[in-house]
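Structural features, examined
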Amino acid sequence: MVRVNNHREWSVGCRDIAGRRRDVTVFVRGGRVVLVAPPGETAVFSPLDVGRLRAALRDAVVDATVEE
């Protein structure tokens, strides 16, 4: 997890459809959870990465609830 511009941001590793390493970013803005996928790509997650994405989304929801 990285703190950027006074908010937390989570980065979860994945691969694109060609197998190249990419990241999906999760953060909270205005009480909403924002998910940023690799530009123009499909994100492919391993089972472990899905667990990390789930944890990032859970943490972001907690932060979004605090912002309201």
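Look up a bit, the structure's there.
1. Re the pattern of salt bridges
- Going through the model one piece at a time under the given rule, you end up with 6 salt bridges.
- A salt bridge links Arg8 to Asp63, with the shortest nitrogen-to-oxygen separation between them at 3.0 Å. Separated by 55 residues along the polypeptide, Arg8 in strand E2 (residues 7-15) and Asp63 in helix H1 (residues 47-67) bring together distant segments of the chain.
- Relative accessible area serves as the criterion here: at 21%, Arg8 is assigned to the partly exposed category.
- The shortest N-O distance in the salt bridge between Arg20 and Glu41 comes to 3.5 Å. Here the residue Arg20 occupies a position in the loop between E2 and strand E3 (21-29), and Glu41 occupies one in the loop between strand E4 (32-36) and H1, the gap between them amounting to 21 residues.
- Under the relative-accessibility criterion, Arg20 is labelled partly exposed at 42%.
- Note on Glu41: relative accessible area 27%, which makes it partly exposed.
- Through salt bridges with shared partners, one network takes in Asp16, Arg20, Arg22 and Glu41.

The rules we used
Residues numbered from 1 in each chain as written. Predicted model: local features only at pLDDT ≥ 70, side-chain atom pairs only at ≥ 80, totals over all residues. Heavy atoms only, no water. Salt bridge = Lys/Arg side-chain N within 4 Å of Asp/Glu carboxyl O. Helix = DSSP H or I, 4+ residues; strand = E, 2+ residues; numbered from the N terminus. Buried < 20%, exposed > 50% of the residue type's maximum accessible area, 1.4 Å probe, protein only.

Scope: geometric values only; no functional claims are made or implied.
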